[in-house]
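Chain by chain, the residues:
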Amino acid sequence: MSSKSSSSSYQQPTKEAARRKAISRAVKLVTTRRANAAVVPADHITRIRTHLLTSDAVGDFDVAMACDTADIKSWRRFRSSVIGTRKASEISVAYLAGPEPSNDLQVFLECGVRPENIWAFEDEKKTFASGLGNLRQTALLRGVKFVPISIEDYFTGTPRRFDVIYLDACGPLPSQDQKTTRLLANLFRHSALAPLGVLITNFARPDVSSDQKMEPYAHLVSSYLYPKSFLDAPGGGITGGAQEHGLMLRNDNDQSESFYHEVAKNFDHYYGTFITRHIFDIAALIAPLARLANSKLLGLIFKGEVKQAAERGERFVRFKPDVYGDNNAEESDEASSGSSQSGYDISADLEGAPAKTESDDDVSADGLKSEMEQTEMDGDAIIDPPAFSLLWTFAACGYYASGSDFDEIPADCEKFLNGWLSQLYGTPTDKKTAPDIVAAYYAWRHDTAFRSEAMRELSSYPYQEKMPFLCDVPTQEIGLYPAFAQIAYPAHCNIREAKRYQYVAEGKTASMYLDVLPFDECRYVYDWLSALHLIPDDWNDLSAQLTFRFALDGIAKENRWYGEDFLFGCHVVGESQKFPMSELGARSQIKIKTTKSSKLSSLGSG
């Protein structure tokens, strides 16, 4: 992926201010602010125990006393060993170079990063040649890795992990030409970012200057954000989602009731929200699922075939009448007749994907069919979109045969949406797609038929009989996602340390959306547990159980306003001034003002 045109210059004052803000912030997060960059603070368990000791709620004192201080100290030592420490001279970074690699390189060097640990990538031949000339002209050569290959190919072809990755794509998200979605998917699918690392992304506002150009992006953004319970408030923090405000996804007859038209009207705000939330979901669910889908590790938690589970998952976006064709048969037949709603047709857009055969449609006889025929959960994603947010989005984007509860996709949007969906799986491609593995995940989460024997044992643990009641009633959610996370290696954004910016460089017209996002795999939480088959034994050790639940509360609070697709109801203390839910701040506008001495200063926080 070539990041920038060789004929462009990227030394505008505002661009330079944005670059310095992003890179300096990222380097600090993995060095001097490393302890803060971790999602769960070191003192989180201790503060919860102290809070419960002084709580007036019945049983809280006894619960606090049951959490042994020796276990808390052990966990803190484990956390410290996992997070470690870094100096700027010890970290490694990767970035998209373009024709002027010295611009970013100079800032990394000024931040203390050694040139031997700096990797710059450019795969377009003319741009690479310009980049070589740029480096030679500035004499910033020795030790620097300037590589004529796409950064994606490096991510997928080597085991190297970077503390900071800077993707100054200069194109929109998504982009069919630049494959920006696939780049993000591959970055997380192939674990290119360190277990505690910072991702910097810089995406352009797409050209939405006409209704025809606006429609594909507005449809995607509105479909993506509609099932979320909470969205970014324009001034920072959160606000209720579209459904709370009584909006339909799209209503051309009454635009005041249409979330699509709300997005189109305030596109800058919602597009910025979409970028951040989409990256969150790729890191925590989509990419880990893609990695796990072709691994033998899947069998540790999963029973049956992914295709079979995907078929079960798809039924969450249509009610029983649509399944059996009793009502709305015309819509159901039309949806499965070969259009973009026919599920597997999108594989035709995947580069190198093998052709589908008749045997792919066979249902394997793993003893699951009778359980799959149960229909009481069919349509649950329509009733409760936040609990199935990605599934709902894919249905609204025409992937599944979803019946009459989702409108037909506008013809002008199909190619655009299929392009986006085809990139989400990353590479290498196969017969599965991102919507398939996501549907399989929701089937696994909500239908025990698709859980391995060990997962069923974990799910059937008497949570409410053997786990103390705290803020939330203990349920199988405490074990489901952590068991998945142990083998799938998701990454969670530290929302309270994230920074987001927006700017327009001098001489340019496109607004840029710059995100500085610290990601943490939280191994000090998930690996505190024994492996899957022994987790019930951990639950029986009350102090170890509480230590884990108190730590898991930190991840749940970080994610509370940003998704209900996992760890729902895993809080042990309620929201308060002492234990706030994390919220994203508003995007800071980066502008520069020129004094009489021509010095440049940046507005907005660093």
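All of these numbers come straight from a predicted model, not from anything done at the bench. Each chain carries its own residue numbering, running from 1 in the written order of its sequence. Residue-level local features of this predicted model are given only where pLDDT is at least 70; pairs of side-chain atoms are given and counted only at 80 or more, and the full residue set underlies all totals for whole chains, interfaces and linings. Hydrogen atoms and water are omitted, and side-chain values are computed over all heavy atoms in the structure.

Chemist: Mind showing me how you'd approach the overall build of the chain here?
Modeler: From N to C terminus, the chain includes 27 helices and 13 strands. The 606 residues of the chain split such that 58% are buried. Note on areas: these come from Shrake-Rupley sampling with a 1.4 Å probe, and a residue is covered only by the protein chains present in the view. For the chain, the computed accessible surface area is about 23800 Å², with 50% contributed by carbon and sulfur atoms. Each helix is a run of H or I in the DSSP string that is no shorter than four residues. Each strand is a run of E no shorter than two, and both are numbered from the N terminus. Remark: exposure states derive from per-residue accessible area (1.4 Å probe, protein chains only) relative to the maximum for the residue type, with buried under 20%, exposed over 50%, and partly exposed in between.

Chemist: Please clarify how the packing of aromatic side chains should be interpreted in this entry.
Modeler: Remark: the centre distance and the inter-plane angle together describe each pair of aromatic rings, the angle taken between the planes. Two aromatic rings from Phe, Tyr or Trp, using only the six-membered ring of Trp, form a pair when their centres are within 6.5 Å; if the ring planes differ by under 30 degrees the pair is stacked, by over 60 it is edge-to-face, and anything between is tilted. The final tally for this structure, using the stated rule, is 35 aromatic pairs. On the basis of an interplanar angle of 55° and a centroid distance of 6.5 Å, the ring pair of F155 and F162 is categorised as tilted. When the ring of F280 is compared with that of Y562, the centres are 6.0 Å apart and the planes differ by 80°; the resulting orientation is edge-to-face. Here F280, found in helix α12 (residues 267–293), pairs with Y562, found in the loop between α27 (542–559) and β11 (588–589); they are 282 residues apart in sequence, far enough to count as distant. The exposure class of F280 is buried, given its relative accessible area of 8%. On the accessibility criterion, Y562 (2% relative accessible area) is buried.

Chemist: What's the story with unusual backbone geometry in this structure? I'm lost.
Modeler: Glycine aside, negative phi is the norm for most residues, and most peptide bonds take the trans geometry. A cis amide bond, omega -5°, links L173 with the succeeding residue P174. With respect to the element layout, P174 can be found in the loop between β4 (162–167) and α9 (180–189). In this chain, T427 is followed by P428 through a cis amide linkage whose omega measures 0°. In this structure, P428 sits in the loop between α20 (411–423) and α21 (434–446).

Chemist: How do you make sense of α27 when you look at a structure like this?
Modeler: The periodicity of an α-helix, 3.6 residues per turn, causes residues three or four places apart in sequence to face the same way. By this rule the span expected of a helix is its residue count minus one, scaled by 1.5 Å. Along its 18 residues, α27 runs 25 Å from first to last C-alpha, staying within 8% of the 26 Å computed at 1.5 Å per residue. With 17 of its 18 residues buried, α27 lies for the most part within the structure.

Chemist: Looking at this structure, how should I read the nonpolar core?
Modeler: Side chains of a nonpolar character, in soluble globular proteins, are inclined to be buried together. Nine residue types can take part in a nonpolar core, namely buried Ala, Val, Leu, Ile, Met, Phe, Trp, Tyr and Cys, and a core is a set of them joined through side-chain atoms within 4.5 Å. The biggest cluster of nonpolar side chains holds 193 residues, and the ones touching the most others in it are F188, L199, I200, Y481, F519, W539 and F550. For this core, the leading source of residues is α12, giving 17 residues. Throughout, a residue-residue contact means that at least one pair of heavy atoms, one from each residue, lies within 4.5 Å. When neighbours within four sequence positions are excluded, Y481 is seen to be in contact with A284, L285, Y441, P490, H492, Y526, F566 and L567.

Chemist: What exactly am I supposed to notice about the environment of D163 here?
Modeler: Along the chain, D163 falls in strand β4. Beyond its immediate sequence surroundings of up to four residues, D163 is in contact with V30, R86, I91, S92, L193, A194, L196, G197 and V198.

Chemist: Looking at this structure, I do not really get the environment of I72. What am I missing?
Modeler: Looking at the element boundaries, I72 is found in helix α5 (residues 69–83). Sequence spacing of I72 and T46 is 26 residues, and the spatial spacing of their C-alpha atoms is 7.1 Å. In this structure, I72 is in contact with I45, T46, R49 and C67, ignoring residues within four places of it in sequence.

Chemist: Can you walk me through the pairing of strand β2 (residues 118–121) in this structure?
Modeler: Consecutive side chains of a regular strand alternate in pointing toward one face of the sheet and then the other. Alternating residues of β2 divide into I118 and A120 and W119 and F121, and every residue in both groups is buried. Here strand β1 (residues 93–96) runs beside β2; their pairing, made up of four bridges, is parallel. Pairing of L96 across the sheet is with F121, part of β2. Handedness of a crossover: with both strands directed away from the viewer, a clockwise path from the first strand across the helix to the second marks it as right-handed. Since β1 and β2 lie parallel, the crossover through helix α6 (residues 102–110) that links them has a hand, and here it is right-handed. Only when DSSP finds a minimum of two bridges between them are two strands counted as paired.

Chemist: Mind showing me how you'd approach the packing of helix α10 (residues 211–225) against helix α19 (residues 389–396) here?
Modeler: Angle between the axes and distance between the axes are the two parameters that describe a pair of packed helices. Taken N-terminus to C-terminus, the directions of α10 and α19 make an angle of 150°; their axes are 8 Å apart at the nearest point. Classed by the angle they form, the pair α10 and α19 counts as roughly antiparallel. Read as a crossing pair, α10 and α19 show a hand that is right-handed. Contact residues: H219, S223 and Y224 in α10; L390, W392, T393 and A396 in α19. Axes, fitted as lines to C-alpha atoms, cover a helix only where it is in contact. Angles between the N-to-C directions of the axes lie from 0 to 180 degrees. Note that the term roughly parallel is reserved for angles under 35 degrees, roughly antiparallel for angles over 145, roughly perpendicular for angles of 65 to 115, and oblique for everything else. Crossings are classed by handedness, with left-handed meaning an anticlockwise turn of the near helix from the far one by less than a right angle and right-handed meaning a clockwise turn.

Chemist: In this structure, what is going on with the pairing of strand β10 (residues 512–520)? I would like to understand it.
Modeler: Along β10, nine of the nine residues are buried, which leaves the element largely enclosed by surrounding structure. Neither face of β10 is exposed, since M512, L514, V516, P518 and D520 on one face and Y513, D515, L517 and F519 on the opposite face are all buried. In this structure, strand β5 (residues 193–204) lies alongside β10, joined through nine bridges in antiparallel fashion. Within the sheet, the bridge partner assigned to G197 lies in β10 and is F519. Both strand β8 (residues 492–493) and β10 contribute to a ladder of two bridges, which runs antiparallel. The residue of β10 that forms the bridge with H492 is D520. By the bridge criterion, five bridges tie strand β9 (residues 499–503) to β10 in an arrangement that is antiparallel. The partner of Q502 across the bridge, within β10, is Y513.

Chemist: Would you take a moment to explain the confidence of the model for the chain for this structure?
Modeler: Interpretation of the predicted coordinates at a detailed level should be avoided for regions scoring low in pLDDT. A residue's pLDDT is simply how confident the predictor is in it, with values from 0 to 100. Scored by pLDDT, the chain comes out at a mean of 89, with 87% of its residues at no less than 70. Counted against residues more than four places away or in other chains, residues 322–367, with its pLDDT under 50, gives 79 contacts. Low pLDDT, under 50, characterises residues 596–606; the predicted model gives this stretch 26 contacts beyond four residues in sequence or across chains.

Chemist: I'm lost on the state of the cysteines in this one. Help?
Modeler: In protein chemistry, a disulfide is the covalent bond that joins the sulfur atoms of two cysteines. Cysteine sulfur atoms are paired as a disulfide whenever they come within 2.5 Å of each other. Using the criterion set out here, one finds zero disulfides in the structure. Sulfur of C413: no disulfide; nearest cysteine sulfur belongs to C397 and is 8.7 Å away.

Chemist: Quick question: what am I supposed to make of the pattern of salt bridges here?
Modeler: Between side chains of opposite charge, a pair can form as their charged atoms come close. Each salt bridge in this description consists of a side-chain nitrogen of Lys or Arg and a carboxyl oxygen of Asp or Glu lying within 4 Å of one another. For the structure on display, the rule yields 29 salt bridges. With a shortest N-O distance of 2.6 Å, R19 and D104 are connected by a salt bridge. Highlighted residues: R19 in helix α1 (residues 13–30) and D104 in helix α6, separated in sequence by 85 residues. The pair formed by R19 and D104 is uniform in burial state, with each residue classed as buried. Residue D232 is joined to R500 by a salt bridge in which the shortest nitrogen-to-oxygen separation is 3.0 Å. Of the two residues, D232 sits in strand β6 (residues 230–232) while R500 sits in strand β9, which places them 268 residues apart along the sequence. Judged by its relative accessible area of 6%, R500 falls in the buried class.

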